[in-house]
Amino acid sequence: MTYEEFADARLGALLRYAVMLTGDPHQAQDLVQDTMVRAQLHWRRVARSDAPERYVRRMLTNQFVDWRRGSWARRVFLRGEPDDSVPASTDHAQSAVDRDQVWSWLSGLPRRQRAALVLRYYEDLPDAEIADVLGCAVGTVRSSISRALATLRAEHVEVC
Amino acid sequence: MIEHELRATFARHEELAPPAGPVRAAIDRAVHRRRRRRRVGTAGAALAAIAVALVGFTVVVPRPPESVRLGALPASPTPSGAVNLLLLGVDQAGANRRADSILLVHVPADRSRLYLVSIPRDLLMPRPGGGEADKLSWTFGRASGETGNLTAGYRATRQAVDRLTGVPVDAGAVLTYRATRTLTDSVGGVQVCLPEPVRSAHTGRRYPVGCQRLDGTEAVDLLRQRYGLRDGALDRDRNAARYAAGLLRQLREQGTATSPVRLSRLISEVAPTVTADTGDLSLAALSAVVASAGGADPLALALPVRARENPTGYGFEPDPVLAPSLLEALRADRMAGWVTAHPAQVTRLR
């Protein structure tokens, strides 16, 4: 598979995945752009792996989780944490506000936990594959997810 | 319950994703910029690494390579075995550019010293597609084409050298006249010691027997000369090795290799004129390898050849006895033994 074919087929999906991770379209674009630049510069190595898509998703996820190390992280610092710049709207119907509260609670989670949630509930990956993407054991994936869900449930209870 | 809400939340926010088209274009622009920057950056660093290695000092390359973290992959480890670099000196710009000087720099695994092995450009090579053999130096021009694409020319020559010698090339660089001129002037001239006088067929300038300091223009002029030399292009290759040895001596005497400030100035002056390829090695690994091969002066020799009749004119073929044993020694990293057994093959450098 060439880089062009890969980008034609997968770029949209990667952008959506990055939106779910970061919660912000601009940061999602930065994250995808950074990852895809590296993927293209090293395409031979990416293409040699048995599943380029999984490989790139792992690159992107690592970049997001290891935010202190990458150039992307420096931009995050400059822009502030996700959602800071988006004021909560009061014009929405109450139900919409409730629903979007789940979205804003997500930004309070540790990055690794959020990534695990996105991989399971958005990408619908089995736990073994989530473990592969995050580079940890299946048990760790499950405990991250259950801890994340517990945090969200607690927020939920507080509000209701 | 919360799981269900999560799925719904994610689905609802899909529309936040930016359109792919502009992102794609931005990626391609960034890649283009990075490739250009990387080429220049690696060229300078690789050159510095080679210079440092030849001079025999361990220094930190002042402009570290761009670290490219690729997912969870480990960085390329510092190779512990022998390393081979390919340096090509090409003639002036235009169509049918030739690689007139082809130098294989061999760094043995014990890092005891460097071996500069010239590969004669007039070696006749079987064409990949069959048909009449042609010269190794032409490989460069055929691949670089009308536009003078140095990277393509380098790649094709590297493949040809690989086929010819079986010696794996790990990294390399292309030097133009301009690069050589800039490099020479940047270090304040290079002393070259000649065993025979040379008269330039291009400028009429005379270079007497003995040691002399050459500026950039003179160095390029000398390195182009083969008419009037007893062994023609083979003697030119020997002069190129003498120039390389003189350049390294100059760097050592100036302390350029030990001064990060001087080295970085040299790199910034020379880098834009050099095209380099660091292959699968990271620059850090490459620098570490060559920097550790210090100590002794480099040893220069040439792939032994003999003349061969050829319908398209004059050319060489590898010497049937000496060439295979030299190549075997290169591949097996036993150069010290080979040089001891064949002292007559070593080029006198000063």
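Residues numbered from 1 in each chain as written. Chains lettered and ligands numbered in written order. Predicted model: local features only at pLDDT ≥ 70, side-chain atom pairs only at ≥ 80, totals over all residues. Heavy atoms only, no water.

**Details of the overall build of chain A**
Alright, step 1. A count of helices and strands for chain A gives 9 helices and 0 strands.
Alright, step 2. Each helix and strand of chain A, placed in order from N terminus to C terminus, yields the pattern α-α-α-α-α-α-α-α-α.
Alright, step 3. Counting the 160 residues in chain A, one finds 49% classified as buried.
Alright, step 4. Restricting the contact set of chain A to residue pairs at least 6 apart, pairs at least 24 apart contribute 64%. (Helix = DSSP H or I, 4+ residues; strand = E, 2+ residues; numbered from the N terminus. Buried < 20%, exposed > 50% of the residue type's maximum accessible area, 1.4 Å probe, protein only. Contact = heavy atoms within 4.5 Å.)

**Concerning a positive patch on the surface**
Alright, step 1. There is a patch of like positive charges on the surface, built from Arg44(A), Arg45(A), Arg48(A) and Arg155(B).
Alright, step 2. With 3 residues, the single largest contributor to the positive patch is helix α3 (residues 43–48) of chain A.
Alright, step 3. The topology assignment puts Arg48(A) in helix α3.
Alright, step 4. Exposure remark for Arg48(A): the relative accessible area of 64% places this residue in the exposed category. (Patch = residues over 30% accessible without salt bridge, like charges linked within 9 Å, V, L, I, M, F, W, Y side chains within 5 Å. Areas by Shrake-Rupley, 256 points an atom, 1.4 Å probe, with all protein chains shown as cover. Salt bridge = Lys/Arg side-chain N within 4 Å of Asp/Glu carboxyl O. Lys, Arg positive; Asp, Glu negative; His and termini not counted. Charge placed at Lys NZ, Arg CZ, Asp CG, Glu CD.)

**Describing the packing of helix α1 (residues 3–22) of chain A against helix α2 (residues 25–41) of chain A**
Residues and elements named next belong to chain A.
Alright, step 1. Where α1 meets α2, the axes come as close as 8 Å, and the angle between the chain directions of the two elements is 145°. Our pair here, α1 against α2, has a crossing hand that is right-handed. Across the interface between the two elements, Tyr3, Phe6, Ala7, Leu11, Leu14, Leu15, Ala18, Val19, Leu21 and Thr22 of α1 pack against Pro25, Gln27, Ala28, Gln29, Leu31, Val32, Met36 and Gln40 of α2. (Axes fitted to C-alpha atoms, helices over the stretch in contact; angles between N-to-C directions. Left-handed = near helix turned anticlockwise from the far one by under 90°.)

**Overview of the nonpolar core**
Alright, step 1. Residues Met36(A), Leu117(A), Leu6(B) and Phe10(B) are the most contacted members of the largest nonpolar core, which totals 56 residues.
Alright, step 2. For this core, the element with the highest residue contribution is α1(A), accounting for 11 residues.
Alright, step 3. Built from parts of two domains, this core gets at least three residues from each of domain 1 (1–70) and domain 2 (91–160) of chain A.
Alright, step 4. For Met36(A), the residues in contact, after removing those within four places along its chain, are Tyr3(A), Phe6(A), Ala7(A), Leu11(A), Leu14(A), Val56(A) and Ile27(B).
Alright, step 5. Residues Ile102(B), Val117(B), Val167(B) and Leu301(B) belong to the second largest nonpolar core, which totals 35 residues. (Core = buried A, V, L, I, M, F, W, Y, C linked by side-chain atoms within 4.5 Å. Domains from an automatic or database assignment.)

**Let's talk about unusual backbone geometry**
Most of the time, phi is negative for any residue but glycine, and the peptide bond is trans.
Alright, step 1. A positive phi angle is found at Asp124(A), which is not glycine, with a value near 55°.
Alright, step 2. Considering the arrangement of structural elements, one finds Asp124(A) in the loop between α7 (111–121) and α8 (127–134).
Alright, step 3. The phi dihedral of Asp333(B) is positive, around 60°, even though this residue is not glycine.
Alright, step 4. Among the secondary structure elements, Asp333(B) is positioned in the loop between α10 (322–332) and α11 (335–341).

**Points about the confidence of the model for chain B**
Alright, step 1. For chain B, mean pLDDT is 76; residues scoring 70 or higher make up 71% of the total.
Alright, step 2. When the criterion is pLDDT under 50, residues 40–46 of chain B qualifies, and its contacts beyond four places in sequence or with other chains add up to 21 contacts. (pLDDT = per-residue confidence, 0-100.)

**A short note on the packing of aromatic side chains**
Residues and elements named next belong to chain A.
Alright, step 1. A full pass over the atoms with the stated rule returns 3 aromatic pairs over all chains.
Alright, step 2. Ring geometry for phenylalanine 6 versus tryptophan 43: centroids 5.3 Å apart, planes at 45°, classification tilted. Of this pair, phenylalanine 6 sits in helix α1 while tryptophan 43 is found in helix α3, placing the two residues 37 residues apart along the sequence. Here the two residues phenylalanine 6 and tryptophan 43 agree in accessibility, since each one is buried.
Alright, step 3. Feature note: the residues Tyr3, Phe6 and Trp43 constitute an aromatic cluster, connected by ring pairs.
Alright, step 4. Lying over the aromatic face of tyrosine 55, arginine 58 brings its terminal NZ or CZ to 5.5 Å of the ring centre.
Alright, step 5. It is arginine 114 that lies over the ring of tryptophan 103; its NZ or CZ is 5.4 Å from the centre. (Phe/Tyr/Trp six-rings, centres within 6.5 Å; stacked < 30°, edge-to-face > 60°. Lys NZ or Arg CZ within 6 Å of the ring centre and 35° of its normal.)

**Here we look at the side chain of Thr165(B)**
All names here are of chain B.
Alright, step 1. Here threonine 165 lies in helix α4 (residues 150–165).
Alright, step 2. Residue class for threonine 165 comes out buried when judged on its relative accessible area of 1%.
Alright, step 3. At 2.7 Å, the side chain of threonine 165 and the backbone oxygen of valine 161 are in polar contact.
Alright, step 4. Excluding its chain neighbours within four sequence positions, the residues that come into contact with threonine 165 are Ile119, Leu327 and Arg331. (Polar contact = N/O pair within 3.5 Å; in protein donor to acceptor, adjacent residues only side chain to side chain.)

**A few points about the confidence of the model for chain A**
One rule of thumb: low pLDDT means the predicted coordinates there are not for detailed reading.
Alright, step 1. The share of residues in chain A with pLDDT of 70 or more is 78%, and the mean pLDDT across the chain is 81.
Alright, step 2. Across residues 69–93 of chain A, where pLDDT falls below 50, the model places 34 contacts with residues more than four positions away in sequence or in other chains.

**Some details on the pattern of salt bridges**
Alright, step 1. Counting across every chain of the model gives 22 salt bridges over all chains.
Alright, step 2. Salt-bridge contacts for Arg153(A) lead to Glu3(B); the nearest nitrogen and oxygen are separated by 3.7 Å. Pair noted here: Arg153(A) is in helix α9 (residues 138–159) and Glu3(B) is in helix α1 (residues 2–12), and the two residues belong to different chains.
Alright, step 3. A relative accessible area of 25% places Glu3(B) in the partly exposed class.
Alright, step 4. A salt bridge links Arg121(B) to Asp100(B); the shortest N-O distance between them is 2.9 Å. Placement of Arg121(B) in the loop between β3 (115–118) and β4 (124–125) and of Asp100(B) in strand β2 (residues 99–107) is noted, with a sequence separation of 21 residues between them. Residue Arg121(B) shares its accessibility class with Asp100(B), and that shared class is buried.
Alright, step 5. In the salt-bridge network here, residues are joined through shared partners; they are Asp91(B), Arg98(B), Asp100(B), Arg121(B), Asp122(B), Lys135(B) and Arg236(B).

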